[in-house]
Protein chains: 2
Amino acid sequence: MDYSTVIALDAMGGDNAPGEIVKGAVDAVNERNDIRIQLYGDKDSVEAELQKYTYHAEQIAVIHTTEEISCDESPAAAIKKKKDSSLVRALRAVKDGECDAVISAGSSGAVLVGGQVIVGKCKGVKRAPLAPVMPTEKGISLLIDCGANVDARPEHLVQFAQMGSIYMEHVMGIPNPKVAIVNIGAEEAKGNALVKETYPLLKECKGINFVGSIEARDIPKGDVDVIVTEAFVGNVILKLEEGLAKTMMTIVKRGMMSSLMGKIGGLLAKPSLKRTLKTFDASEHGGAPLLGLKGLVVKIHGSSTAKETRNAIMQCVSFKEARINERIMEYLAPAQDAGQIAE
Amino acid sequence: MDYSTVIALDAMGGDNAPGEIVKGAVDAVNERNDIRIQLYGDKDSVEAELQKYTYHAEQIAVIHTTEEISCDESPAAAIKKKKDSSLVRALRAVKDGECDAVISAGSSGAVLVGGQVIVGKCKGVKRAPLAPVMPTEKGISLLIDCGANVDARPEHLVQFAQMGSIYMEHVMGIPNPKVAIVNIGAEEAKGNALVKETYPLLKECKGINFVGSIEARDIPKGDVDVIVTEAFVGNVILKLEEGLAKTMMTIVKRGMMSSLMGKIGGLLAKPSLKRTLKTFDASEHGGAPLLGLKGLVVKIHGSSTAKETRNAIMQCVSFKEARINERIMEYLAPAQDAGQIAE
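For clarity, every value in this text was computed on a predicted model and none was experimentally measured.

Points about the overall build of chain A
Point 1. Secondary structure summary: chain A contains 11 helices and 11 strands in total.
Point 2. Taken over the C-alpha trace, chain A has a radius of gyration of 21 Å; the compact-globule value for 343 residues is 20 Å, and the two agree within 12%.
Point 3. Over its C-alpha atoms, taken along the principal directions, chain A stretches across nearly 65 × 60 × 35 Å.
Point 4. Relative to its full complement of 343 residues, chain A shows a buried share of 57%.
Point 5. A sequence separation of at least 24 residues applies to 73% of the contacts in chain A between residues at least 6 apart.
Point 6. On chain A, roughly 13800 Å² of surface is accessible, and the fraction owed to carbon and sulfur atoms is 51%.
Point 7. Of the side chains in chain A, 41 bear a positive and 44 a negative charge, and the two mean positions are spaced by 3 Å.

Shown next as structure tokens:
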């Protein structure tokens, strides 16, 4: 059979590997009979997990690998040395055209370095940004870049805006996505040197719907679809959201537990509260894609379970079906000097 | 009588001026009979408010001013042109040695520019950072710099660490405060060019308790007392915290309102929840000082009420009593080449 999407899954990466990763793969193939998954990892452990489930055998293959990359080692060194690691083998399968996408819950650094070194950038792409989706009051926004390449230049940010727009429109289904640049005030004259240089370029850039600056306080509201920023700031935003959401929940819980009435109230409110908080859960929306590579590389959280793994697989299917890479290449390669996206 | 601290209060700045600002002044002088407050603003409006309260008349003076600076005008131009604005007159009183400190809930930009242009920097201070206190799970942390001077150099960040340490130790009473630099990973080798250059300087800097990098996700935990960062990133952190806290509360409320059980539970839990959330309220800890100036300049939130105004006044009293400026000058001026704080 001809499969619409073939996915290389790093079965050894993350806190819950291989159990949850394997389960996520099974869930995905049981939902879509037109996809195929290659699980990279220790054959015995992976097959022991697979035996627990029912699925069409031809939709999942196990590729035995002998090494693993941990979060403690230097990403660059690990990618270079551990040629038979589950991650490197999975990335190589995309590079060689055997698979369309790779998903890993392993070391972020190794995924970022490996994606760029092994899979490689599309023609015309200057930098490959990591672009996680963030939950907001109204839905989701794409935060681009949160990767490891800091100290970006204005022309990088313009490409981030372009790639982010393509992703949000064609994978997430948001027509004419609104793009804003993270700034410390709403006026064009505000900002650091990078933002001041980038702002007029974004304003002139055709094919994107640039709406101006966004202050950090307005990010959680969700009025904007693509939030462009340099990786250091993006990383701070992403991690602060994660940390603050945890702290707020701790404080809410502490408040409720501080009195008997609070305890009873908390107990009653818990189910509806839990349901609502779920809408604010980033993992519902798949992993963070590393955009602009010759193939899709998706990083999922280290604590990912079967649900997140399954969601990331579906995200890769949409990505492939929407021909995102072809669109990025079509738009960026011929028109990179004009910084223009043709329609 | 000789007053321990004389404070210049911008009675016209902020959303609740002059009513709440005047009330805050009255509350403060009724608590401390050794302080004096000069209210700068429209005499008639300010006196109409004052008439509502009982206080020792000699502790509050009204200085009539005819202009106001709004948040919409260019801060630099407004400071230059509006010589008889409540803010400029208040700042000038500190410059002239008539008052020890100025507090304003008005335009942040104007306070930042005016503080530096009119009051002026202490000898040895290269940049005056805005350093708000942030509530955390464990208490408070000082975030330095959140001001308007972006694109800082490493030597600026080292001074921020030194001034922030002095402030947290002597105003907030935290012995040997822990200092960390905002980074995108815990290792010394991580970060952008600015952080990589600053890290070794902070490590070598005597007189501060530098504990290394802090990732944004750990900021709300409150394990560190002084959080050093460049103003653009600091501004993003401060405003994202503000925005996200609001969004989280909206989501918690929405969750509770989504079912009858949730509504009843929410009603029961509300009082204890409210009490706990109060501990997470930044305004409890006074305003944001602009450090390193010849006199104290404190910016309070535009939505400040009497409570925040009163808290900021008390903060100025502690600042004066702890001789923060003398300490900063003693420490930074003679030893600025060595980047050293003597004990």
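Thoughts on a positive patch on the surface
Point 1. A contiguous patch of positive charge, built from A:Lys80, A:Lys83, A:Arg92, A:Lys95 and A:Lys294, is present on the exposed surface.
Point 2. The residue A:Lys95 is located in helix H4 (residues 86-95) in this model.

Observations concerning the relation of the copies chain A and chain B
Point 1. Superposing chain A onto chain B requires a rotation of 180° together with a translation of 0.0 Å along the rotation axis, leaving an RMSD of 0.1 Å. The symmetry that links the two subunits is that of a two-fold axis. Among all residues of chain A, the one whose C-alpha sits closest to the rotation axis is A:Gly265, at a distance of 1.8 Å.

Quick look at the pattern of salt bridges
All names here are of chain A.
Point 1. Under the criterion given, the structure shown has 34 salt bridges over all chains.
Point 2. The salt bridge involving Lys 43 is made with Glu 47; its shortest N-O contact spans 3.7 Å. With Lys 43 and Glu 47 both in helix H2 (residues 43-50) and 4 residues apart, this pair spans about one turn of that helix.
Point 3. Residue classification places Lys 43 among the partly exposed residues on the basis of a relative accessible area of 35%.
Point 4. Overall, the relative accessible area of 32% leaves Glu 47 in the partly exposed class.

Description of the side chain of B:Gln59
Point 1. By the secondary structure assignment, B:Gln59 is in the loop between helix H2 (43-50) and strand S3 (60-64).
Point 2. Under the relative-accessibility criterion, B:Gln59 is labelled buried at 2%.

Examining the state of the cysteines
A covalent bond bridging the sulfur atoms of two cysteines is what the word disulfide describes.
Residue and element names in this part refer to chain B.
Point 1. Summed over the entire model, instances satisfying the criterion amount to 0 disulfides over all chains.
Point 2. Summary of cysteine pairing: Cys 146 is not part of a disulfide, and the nearest cysteine sulfur, belonging to Cys 71, is at 17 Å.
Point 3. As a non-bridged cysteine, Cys 205 has Cys 122 as the owner of its nearest cysteine sulfur, 17 Å distant.

A look at unusual backbone geometry
Point 1. Following A:Ala17, the chain continues to A:Pro18 via a peptide bond in cis, the omega torsion being -5°.
Point 2. In this structure, A:Pro18 sits in the loop between strand S1 (5-10) and helix H1 (19-31).
Point 3. In this structure, A:Asn176 takes a positive phi of about 50° despite not being glycine.
Point 4. Here A:Asn176 shows up in the loop between helix H6 (154-170) and strand S7 (178-183).
Point 5. The phi torsion at B:Arg323 lies on the positive side, around 55°, for a residue other than glycine.
Point 6. Its place among the elements puts B:Arg323 in the loop between helix H10 (306-321) and helix H11 (324-335).

Description of the packing of aromatic side chains
All names here are of chain A.
Point 1. Evaluation of the coordinates by the stated rule reveals 4 aromatic pairs over all chains.
Point 2. An angle of 80° between the planes, with centres 5.2 Å apart, marks the rings of Tyr 199 and Phe 210 as edge-to-face. With a gap of 11 residues between them, Tyr 199 in helix H7 (residues 193-204) and Phe 210 in strand S8 (residues 209-215) connect regions that are remote in the sequence.
Point 3. Since its relative accessible area comes to 9%, Tyr 199 is described here as buried.

Quick look at the interface of chain A and chain B
Point 1. Taken together, the contact pairs 52 residues of chain A with 52 residues of chain B.
Point 2. When chain A packs against chain B, the two sides together hide about 4900 Å² of surface, and 73% of this comes from carbon and sulfur.
Point 3. Looking only at chain A, the three residues that lose the most surface to chain B are A:Ile184, A:Phe232 and A:Leu240, adding up to 14% of its buried area.
Point 4. Run the count over chain A and chain B and you get 4 salt bridges.
Point 5. One salt bridge connects B:Glu215 with A:Lys239, and the closest N-O pair in it is separated by 2.4 Å.
Point 6. Where chain A packs against chain B, one counts 12 residue pairs in polar contact (both at pLDDT 80 or more).

Details of the nonpolar core
Point 1. One finds A:Leu39 and B:Leu39 to be the most contacted residues of the largest nonpolar core, which totals 164 residues.
Point 2. Ignoring any residue separated from it by four or fewer positions in sequence, one finds B:Leu39 in contact with B:Leu9, B:Ala11, B:Val22, B:Ala25, B:Val46, B:Leu50, B:Ile60, B:Ala61, B:Val62 and B:Ile63.

Things to note about the packing of helix H8 (residues 231-257) of chain A against helix H9 (residues 260-278) of chain A
All names here are of chain A.
Point 1. Following both chains from N to C, one finds H8 and H9 inclined at 155°, their axes separated by 9 Å at the closest point. In terms of axis orientation, H8 runs roughly antiparallel to H9. Only Gly 262, Lys 263, Gly 266, Leu 273 and Leu 277 of H9 make contact with H8, whose side of the interface consists of Met 249, Met 256 and Met 257.
Point 2. Residue composition of the contact of H8 with H9, by class: 5 nonpolar, 2 polar and 1 charged.

Brief notes about the sheet that holds S3(B)
Within a beta sheet, neighbouring strands are joined by backbone hydrogen bonds and run either parallel or antiparallel to one another.
Residues and elements named next belong to chain B.
Point 1. Pairing in this open sheet of 6 strands is mixed, and the strands run S3-S2-S1-S4-S11-S10 from one edge to the other. Because the sheet does not close on itself, it has two edges, and the strands there are S3 and strand S10 (288-290). Recorded for the sheet is a direction-independent mean angle of 25° between the axes of neighbouring strands.
Point 2. Taken together, the 6 bridges between strand S1 (residues 5-10) and strand S2 (residues 35-41) define a ladder with parallel strand orientation. By the bridge assignment for S2, Ile 7 is matched with Ile 37.
Point 3. Along the sheet face, helix H1 (residues 19-31) touches S1, S2 and S3 and points at about 170° away from the line of S2.

Thoughts on the environment of A:Glu20
All names here are of chain A.
Point 1. By the element assignment, Glu 20 lies in helix H1.
Point 2. According to the relative accessible area criterion, Glu 20 is partly exposed, its value standing at 27%.
Point 3. Distance from Glu 20 to Cys 122, taken between C-alpha atoms, is 32 Å for residues 102 residues apart in sequence.
Point 4. Residues in contact with Glu 20, not counting those within four places in the same chain, are Ser 304, Thr 305, Ala 306 and Thr 309.

Re the pairing of strand S4 (residues 101-104) of chain A
Residue and element names in this part refer to chain A.
Point 1. Both faces of S4 are covered, namely the face carrying Ala 101 and Ile 103 and the face carrying Val 102 and Ser 104.
Point 2. Here S4 pairs with strand S11 (residues 296-299) via 4 bridges, running parallel. Following the sheet pairing, Val 102 is matched in S11 by Val 297.

What about the sheet that holds strand S9 (residues 226-228) of chain B?
Residues and elements named next belong to chain B.
Point 1. Read from one edge of the open sheet, 5 strands run S5-S6-S9-S7-S8, paired in mixed fashion. Bordering the open sheet on either side are strand S5 (133-135) and strand S8 (209-215), each of which pairs with just one other strand. The sheet shows a mean angle of 30° between the axes of neighbouring strands, taken without regard to direction.
Point 2. Both strand S6 (residues 140-144) and S9 contribute to a ladder of 3 bridges, which runs parallel. Following the sheet pairing, Leu 143 is matched in S9 by Ile 227.
Point 3. Helix-sheet contacts for helix H8 (residues 231-257) involve S5, S6 and strand S7 (178-183), and the interaxial angle to S5 is about 35°.

Procedures and definitions
Residues numbered from 1 in each chain as written. Chains lettered and ligands numbered in written order. Predicted model: local features only at pLDDT ≥ 70, side-chain atom pairs only at ≥ 80, totals over all residues. Heavy atoms only, no water. Helix = DSSP H or I, 4+ residues; strand = E, 2+ residues; numbered from the N terminus. Rg over C-alpha atoms; globule rule 2.2 N^0.38 Å. Buried < 20%, exposed > 50% of the residue type's maximum accessible area, 1.4 Å probe, protein only. Contact = heavy atoms within 4.5 Å. Areas by Shrake-Rupley, 256 points an atom, 1.4 Å probe, with all protein chains shown as cover. Lys, Arg positive; Asp, Glu negative; His and termini not counted. Charge placed at Lys NZ, Arg CZ, Asp CG, Glu CD. Patch = residues over 30% accessible without salt bridge, like charges linked within 9 Å, V, L, I, M, F, W, Y side chains within 5 Å. Salt bridge = Lys/Arg side-chain N within 4 Å of Asp/Glu carboxyl O. Least-squares fit on C-alpha atoms with pLDDT ≥ 70 in both. Disulfide = S-S within 2.5 Å. Phe/Tyr/Trp six-rings, centres within 6.5 Å; stacked < 30°, edge-to-face > 60°. Buried area = accessible area lost by both parts, 1.4 Å probe. Polar contact = N/O pair within 3.5 Å; in protein donor to acceptor, adjacent residues only side chain to side chain. Core = buried A, V, L, I, M, F, W, Y, C linked by side-chain atoms within 4.5 Å. Axes fitted to C-alpha atoms, helices over the stretch in contact; angles between N-to-C directions. Parallel < 35°, antiparallel > 145°, perpendicular 65-115°, else oblique. Nonpolar A, V, L, I, M, F, W, Y, C, P; charged D, E, K, R; others polar. Pairing = 2+ DSSP bridges.

Just geometry here; none of it tells us what the structure is for.
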